Every structure is written in structure tokens, then in C-alpha cells.
Amino acid sequence: MSVVGLPEKVEICEVAPRDGFQSEHEWIPTKEKINIVRALAETGVRFIELTSFVHPKAIPQLRDAEEVVKGTEDLTNVKFRALVPNLKGAQRAIKAGIKIIKLMLSATDSHSLSNANCLVEEALQGFKPIIELAEKHRVVVGGSISVAFGCPYEGNVPIEKLIGIVDRYKEMGVKEVSLADTTGMANPKQVYEYLGVLRNEFPDMAFSMHFHNTRGMALANVFAALQQGVTKFDSSVAGIGGCPYAPGATGNVATEDLVHMMDEMGIDTGIDLDKMIGVAKSVKNLLGHDGGSYMLQAGPCSQLNPKPTGQVKLER
Ligand code: ZN
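No experiment lies behind these values; they were computed from the predicted model shown.

A. Geometry of the overall build of the protein chain. Of regular secondary structure, the protein chain possesses twelve helices and eleven strands. Its C-alpha atoms give the protein chain a radius of gyration of 20 Å, within 12% of the compact-globule value 20 Å for 316 residues. Overall, the protein chain is about 75 × 45 × 35 Å in size when its C-alpha atoms are taken along their principal axes. Per-residue burial for the protein chain yields a buried fraction of 53% across its 316 residues. Of all intrachain contacts in the protein chain linking residues separated by at least 6 positions in sequence, the fraction that spans at least 24 positions is 76%. For the protein chain, the computed accessible surface area is about 15000 Å², with 52% contributed by carbon and sulfur atoms. Here the protein chain contributes 33 positive and 38 negative side-chain charges, whose respective centroids are spaced 3 Å apart.

Shown next, in the form of C-alpha cells:
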């Protein structure tokens, strides 16, 4: 029994193959992408956001979405999710064999206009045919809200906005909503308060959290969400990623940092930390950089240093 009522187990969704890769300008060969996904699957991670079925001109890096699905379809012990920005994307994803899709919209009109070239209401309207199509093919649909806690153009996002959007998702039959702090503006107090309101207002809705570590608050925000009983988190190996449309945005909380924190607190992730650090190293080698990873910098707490030799207590 945990003193602060923390869950015993969490589910981590690895998003580097989508959120991480999409912000890399230099082409990552499809084979390398597939290799990374396969290596991730070996760490014990059982949920991966594989790609986004976005227009190839909008994000050229993900133009090989179909091939990545094909190259990983034998990994039957992993659930794969893909992001779909519109009906065309949903059609492609379903045709490729994806069984879980994630819809995306922004909490504010300003971010929505720059990210998706439409107003929030227009984005919501566009979901109806996607959801109908998904139902027909027995594909699970999750919702998401970008810049849920703060918008780089409008600042603080009032909770009423989130309530309004979650309500619309609920009406459409969506059972899980990912709250994304796309540009790292959330703080732990706000996360705790917002989730308290949302869980009270929508007791049957599952919430998952997607924190970027732009301002170093991601792990603290994870802890605040844990205290509200949330057990689903996105993270990105080596902390890679960002939002191509949000100025100065950096990567998601690094998966190895998240797994490490959970391990230290005795919360089960099902992921082997050493193996995840290994993948983080290969991702860093492949891309030539990481996106901010404490594990790559300092290593886990369990990795003790040898005691300095000849230690003597000095006389005062
Ligand atoms: Zn993100």
C-alpha cells in the first residue's frame, strides 16, 4: 500500500516513432525507423505510437507510414497506434492495418489555425466521418487535445475549454482522451487541479497524459497526474521530439527517465530500464543528438560509483 495513493502499475505509450521522428528534418531511412521500433518492442514496451498518416507534403519525414506499419506488423505483442489528422489519413491508416487511431485537435483556435489550418469547432466537425469509418472497421478511436494546459499564442487554457472539448469527444463515443502539454507550459499544481475537475466531470472517460519537457516540469507533471489516479503516459525514447508548429518546443519526457522514476517509486511499467537506455543510446547515435535525457547524462540511481580510496575523516 502506497502512502500517497499512487497506482501500482502504469502503461507507457512510446511515441518517438511519431512525435520524435516527425521533428527531424534529415530523412531517417525507413529501415532505421523499423529497427528502432523493433528494438523498442524488446524493452517490454507494449504500446507504441508508430507514425502519423499525415499528408506527405506536411510532414515529409512520415511519408513512409505504410511501409513502417508493414515492417512491424509481425510484432503481435505490441499495440500500435497511429495519429490521423483527417479522413484521408484515417482511410490510409485503416487500409494499412492500424487498429488504434488517435484524433488530434488543439485547445485553442490560434494553435489550431497554425497547426491544422482550421478552427477547433471545424476540427470537431471533421471527426464525425472518421469515427463512423473507424466503427465500421472495428478500429478503436482515441481523442487528443494539444496545448491542453497552455498555448504558446494564447497563454493559459481555461479548464472550461477542456470540459467543452472532452464533452464533444464523449458525445461522439470516444472513451479515451490524451491531454497534451505540447509546448511544456503545464505545471504540477495545474495538472492536479485540472485532472481533478475532469475526472469528476467525466468519471467514465480515461485520460492519458502527454507531457513535453520544454521547461523541465514533465516528470513533476507526471507525478501530479499519478496522484489523480492517471495510469497512462506517453513518452519518447531519448526525449526526442517537439511540435513542428510550436516555436521553441522540445521533446517529450524521455521514456528512460519516466521508467527510471517509476522503478524508483516501485511502480510497474513492464519495461526493462537498461534495455530502454540502450535504445536511447542508439537513437542518439542515429540522429546525432538526443532531446534531453537524464539517464543518458547521469545514468540511473542504482548505478553507484566506487567509493573514493583512502577516505579518512579529518580532525576538526
Ligand atoms: Zn507531442
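B. Representation of the coordination of the zinc ion in the model. Around the zinc ion, the protein contributes the donor atoms Asp19 (OD), His210 (NE2) and His212 (NE2), at 2.0 to 2.1 Å from the metal centre. Donor residues for the zinc ion, ordered by position in the chain, follow D-x190-H-x1-H. Taken as a pair, aspartate 19 in helix H1 (residues 16–20) and histidine 210 in strand S10 (residues 206–211) lie far apart in primary sequence, 191 residues in all. By the burial criterion, aspartate 19 is buried, and histidine 210 matches it.

C. Seen up close, the packing of aromatic side chains. Scanning all chains against the criterion turns up three aromatic pairs. Aromatic ring contacts, followed pair by pair, group Phe149, Tyr194 and Phe211 into a single cluster. Of note, arginine 63 hangs over the ring of tryptophan 27, and the distance from its end group to the ring centre comes to 4.0 Å. The lysine or arginine in question, lysine 79, covers the ring of phenylalanine 47, its NZ or CZ lying 4.3 Å from the ring centre.

D. Spotlight on unusual backbone geometry. In this structure, arginine 138 takes a positive phi of about 55° despite not being glycine. Among the secondary structure elements, arginine 138 is positioned in the loop between helix H6 (120–136) and strand S6 (140–146). The class for arginine 138 is exposed, based on a relative accessible area of 75%.

E. Broad picture of the pairing of strand S4 (residues 100–103). The two faces of S4 match: Ile100 and Lys102 on one face and Ile101 and Leu103 on the other face are all buried. Across four bridges, strand S3 (residues 79–84) lies against S4 in parallel orientation. When the sheet's bridge partners are listed, leucine 83 is paired in S4 with lysine 102. Handedness of the crossover joining S3 and S4 through helix H4 (residues 87–96): right-handed. Direction of pairing for S4 relative to S6: parallel, over a ladder of three bridges. By the bridge assignment for S6, isoleucine 101 is matched with valine 141.

F. How the structure looks around helix H5 (residues 109–116). Within H5 the residues assigned to the buried category are His111, Ser112 and Asn115. Seen along its axis, H5 keeps its buried residues to an arc of 100°; they face one direction. Buried residues along H5 sit in contact with strand S5 (105–106), H6, S6 and strand S7 (150–151). Backbone geometry just downstream of H5 places asparagine 117 in the positive-phi region, at approximately 55°.

G. Molecular detail of the pattern of salt bridges. Following the criterion strictly, the structure yields 17 salt bridges and no others. A salt bridge links glutamate 11 to lysine 79; its shortest N-O distance comes to 2.9 Å. Placement of the pair is glutamate 11 in strand S1 (residues 11–14) and lysine 79 in strand S3, with a sequence separation of 68 residues. For glutamate 11, a relative accessible area of 24% translates into the label partly exposed.

H. Examining the pairing of S3 more closely. Of all six residues in S3, five are buried, a share of seventy percent or more. Where strand S2 (residues 47–52) meets S3, five bridges bridge the pair, whose relative direction is parallel. Across the sheet, residue threonine 51 finds its bridge partner in S3, namely alanine 82. Read as a crossover between parallel neighbours, the route from S2 over helix H3 (residues 65–72) to S3 is right-handed.

The rules behind these values
Residues numbered from 1 in each chain as written. Predicted model: local features only at pLDDT ≥ 70, side-chain atom pairs only at ≥ 80, totals over all residues. Heavy atoms only, no water. Helix = DSSP H or I, 4+ residues; strand = E, 2+ residues; numbered from the N terminus. Rg over C-alpha atoms; globule rule 2.2 N^0.38 Å. Buried < 20%, exposed > 50% of the residue type's maximum accessible area, 1.4 Å probe, protein only. Contact = heavy atoms within 4.5 Å. Areas by Shrake-Rupley, 256 points an atom, 1.4 Å probe, with all protein chains shown as cover. Lys, Arg positive; Asp, Glu negative; His and termini not counted. Charge placed at Lys NZ, Arg CZ, Asp CG, Glu CD. Donors = N, O, S within 2.8 Å, 3.2 Å for Na, K, Ca; no water. Phe/Tyr/Trp six-rings, centres within 6.5 Å; stacked < 30°, edge-to-face > 60°. Lys NZ or Arg CZ within 6 Å of the ring centre and 35° of its normal. Pairing = 2+ DSSP bridges. Right-handed = clockwise from strand over helix to strand, strands pointing away. Arc of directions from axis to C-beta. Salt bridge = Lys/Arg side-chain N within 4 Å of Asp/Glu carboxyl O.

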